[in-house]
Amino acid sequence: MPGIALLVFREVLEAALIVTIVCAATRGVPRRGLFVGGGLILGVLGALLVALFADSLANAFSGIGQEVFNAGVLLAAVLMIGWHVLWMSSHGRAMAVEMKALGGAVQSGSSSLMMLLLVVALAVLREGSEVVLFLYGMVAGGAVGVLGGLALGVIAGAAVGFALYYGLLRIPLRHFFDATNAMLTLLAAGLASSAARYLVQADLLPALTDPLWDSSWLLSNDSLLGQTLHILIGYDARPSGIMLVFYIATLLVLLGGMHRVARAAAPRAGHAAAAIAAPPRP
Amino acid sequence: MRRFFLAASLLLAGFSVQAGEIPEYKLVISNHRYEPAELKVPAGIKFKLVVENRDASPEEFESTEFNREKIVMPNSSTHIYVGPLAAGRYKFFGDFHQDTAQGTLLVE
């Protein structure tokens, strides 16, 4: 059972961190629980479907269906997150002001909630389908304690998510949406670089020097911290060159877009909403 | 962004010309173990790694040392592209059966 719990935990952790950031980014938005919940349910259903059709998926595109699918899911999530951060850079300031005035409730705009619902669904679908396949193998192999392991793994993964969420809530309101926007931007850059990794594995993209560096002596990919930072900021101990290209391209596009949108939305406010700390490398 | 895509497609085009000369190596998963447990591959070139799963349960071929992961369905076979790698030893494992499914790429 410990082995089962550990694997489930690692998969759930990835999805939980993403869901947590989405929850923080939609703080105060009415009906956001409905949207996040809907995303979770859609994601679980999607995971079951993907696992059910894993054979056909594996054989699609002459054997690289899995990579194409994963890269597609990741890039779709990048697009949705991108949409949300651009939208937020014109509405975020107003939302924070409104939250202060109304004691936490935001009436204005929930227009990008649908995008975040899909981000949650895609995260759960991707990690969940691996859990389903793994558990299927365990049950087929007659392993004991499968349900217990599943429960333990899910609870532990969700607990880390909750801890991060309540940590994030300590950020002062004034900076809150700037912070969540920065986190979403780094998350999107990391997801884009993961998509590049799948495309290299399928030989659809050149690696452009692999690995570009090796920092596994400092922080390895399979350590808990390494894995957490992998999701949060796209950390990779042995990235290929193309992964860095995808990472930086995503950052540049989003930061540039945020800057423009913010300037267009608030021409009088000189230092508008797009301010964001210099991002670390993946 | 457009320039980035242009660069990417040029690289893609350049790469597909040299496809076809890629050597192939094979791993078999049986009883949740890799066979061979140590696979010799050449350094400095890209190669195709075929992984065949003869077990009745799915496995995930994974390496954090050369950064690859792919699910291999029961009684079927899949492939990934690896490298070019520098000479050395690189561990890989089966994520779903880590107790037994362990192996090494010996790159030389």
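All residue numbers refer to position in the chain's written sequence, counted from 1. Both sets of labels track the order of writing: A upward for chains, 1 upward for ligands. With the structure being a predicted model, the display of local features is reserved for residues of pLDDT at least 70 and the display and counting of side-chain atom pairs for 80 or more, all residues being used for whole-chain, interface and lining totals.

(A) Looking closely at the overall build of chain A. What chain A contains, in helices and strands, is 9 helices and 0 strands. When the helices and strands of chain A are placed in sequence order, the string is α-α-α-α-α-α-α-α-α. Here a residue counts as buried when 20 or more other C-beta atoms sit within 10 Å of its C-beta, as exposed when there are 12 or fewer, and as partly exposed otherwise, the C-beta atoms being derived from the backbone. Expressed as a percentage of its 282 residues, the buried residues of chain A come to 50%. The secondary structure listing takes helices from DSSP runs of H or I that are at least 4 residues long and strands from runs of E that are at least 2 residues long, numbered from the N terminus.

(B) Seen up close, the interface of chain A and chain B. Counting residues at the interface gives 25 residues for chain A, matched by 22 residues for chain B. Looking at the side of chain A that touches chain B, the elements that each hand over two or more residues are α3 (54–63), α5 (113–140), α7 (173–201) and α9 (241–265) of chain A. Counting residues per element, the side of chain A that touches chain B draws most heavily on α5 of chain A, at 6 residues. It is the C-beta atoms, placed from the backbone, that decide contacts: two residues are in contact if theirs lie within 7 Å.

(C) A look at the pairing of strand β5 (residues 59–63) of chain B. Residues and elements named next belong to chain B. When you tally the buried positions in β5, you get 5 out of 5 residues, the bulk of the element. Residues Glu59, Phe61 and Ser63 of β5 are buried on one face, and the alternating residues Glu60 and Glu62, pointing to the opposite face, are buried as well. Between any two strands, pairing holds if DSSP finds at least two bridges. The sheet contact formed by β5 and strand β6 (residues 68–72) spans 5 bridges and is antiparallel. Looking at the pairing, Glu62 lines up with Glu69 of β6.

(D) Layout of unusual backbone geometry. Look at the link from Glu35 of chain B to Pro36 of chain B: it is a cis peptide, with omega at -5°. Inspection of the secondary structure puts Pro36 of chain B in the loop between β2 (33–35) and β3 (38–41). Gly83 of chain B connects to Pro84 of chain B through a cis peptide bond whose omega is 5°. Summarising the element assignment, Pro84 of chain B is placed in the loop between β7 (76–82) and β8 (88–94). Backbone geometry places Phe61 of chain A, a non-glycine residue, at a positive phi of 50°.

(E) Highlighting helix α1 (residues 2–25) of chain A. Expected span of a helix: the number of residues minus one, times 1.5 Å. Taking 1.5 Å as the rise per residue, α1 of chain A with 24 residues should run 34 Å; its terminal C-alpha atoms sit 33 Å apart, in good agreement. Here the bend at a residue is taken as the angle between two axes, fitted respectively to the seven residues that end there and the seven that start there. Leu13 of chain A marks where α1 of chain A bends most, by close to 25°.

(F) Just the nonpolar core, in detail. Grouped together as the largest cluster of nonpolar side chains are 106 residues, with contacts concentrated most on Ile18, Val22, Ala77, Val119, Val120, Ala192 and Ala195 of chain A. Not counting residues up to four positions away in its chain, the partners in contact with Ile18 of chain A are Val119, Ala123, Leu187 and Ile231 of chain A. Think of a nonpolar core as buried Ala, Val, Leu, Ile, Met, Phe, Trp, Tyr and Cys residues, each tied to the set through C-beta atoms within 7 Å.

(G) Geometry of the confidence of the model for chain A. pLDDT expresses how confident the predictor is about each individual residue, on a scale running from 0 to 100. Looking at chain A, pLDDT values average 88 and 89% of them are 70 or higher. Ignoring residues within four places in sequence, the model shows residues 268–280 of chain A, a span with pLDDT below 50, making 22 contacts including any to other chains.

(H) Seen up close, the sheet that holds β6 of chain B. Residues and elements named next belong to chain B. Sheet architecture is open: 5 strands sit in the order β3-β9-β8-β5-β6, paired in mixed fashion. Strands with a single pairing partner mark the edges of an open sheet, and in this sheet they are β3 and β6. In this sheet, adjacent strand axes meet at a mean angle of 20° when their direction is disregarded. Pairing of β5 with β8, which is carried by 2 bridges, proceeds in the antiparallel orientation. Within β8, the position partnered with Phe61 by the bridge is Gly94. Only the stretch in contact is used when fitting a helix axis, every axis being a line fitted to C-alpha atoms; angles between N-to-C directions are given from 0 to 180 degrees.

(I) Spatial organisation of the sheet that holds β2 of chain B. All names here are of chain B. Strands sit in the order β2-β1-β4-β7 across an open sheet of 4 strands; the sheet is mixed. The open sheet has two edge strands with one neighbour each: β2 and β7. For this sheet, the mean angle separating the axes of adjacent strands, direction not counted, is 25°. Pairing between strand β1 (residues 24–30) and β2: 3 bridges, direction antiparallel. In the strand pairing of β2, Ile29 is matched with Tyr34.

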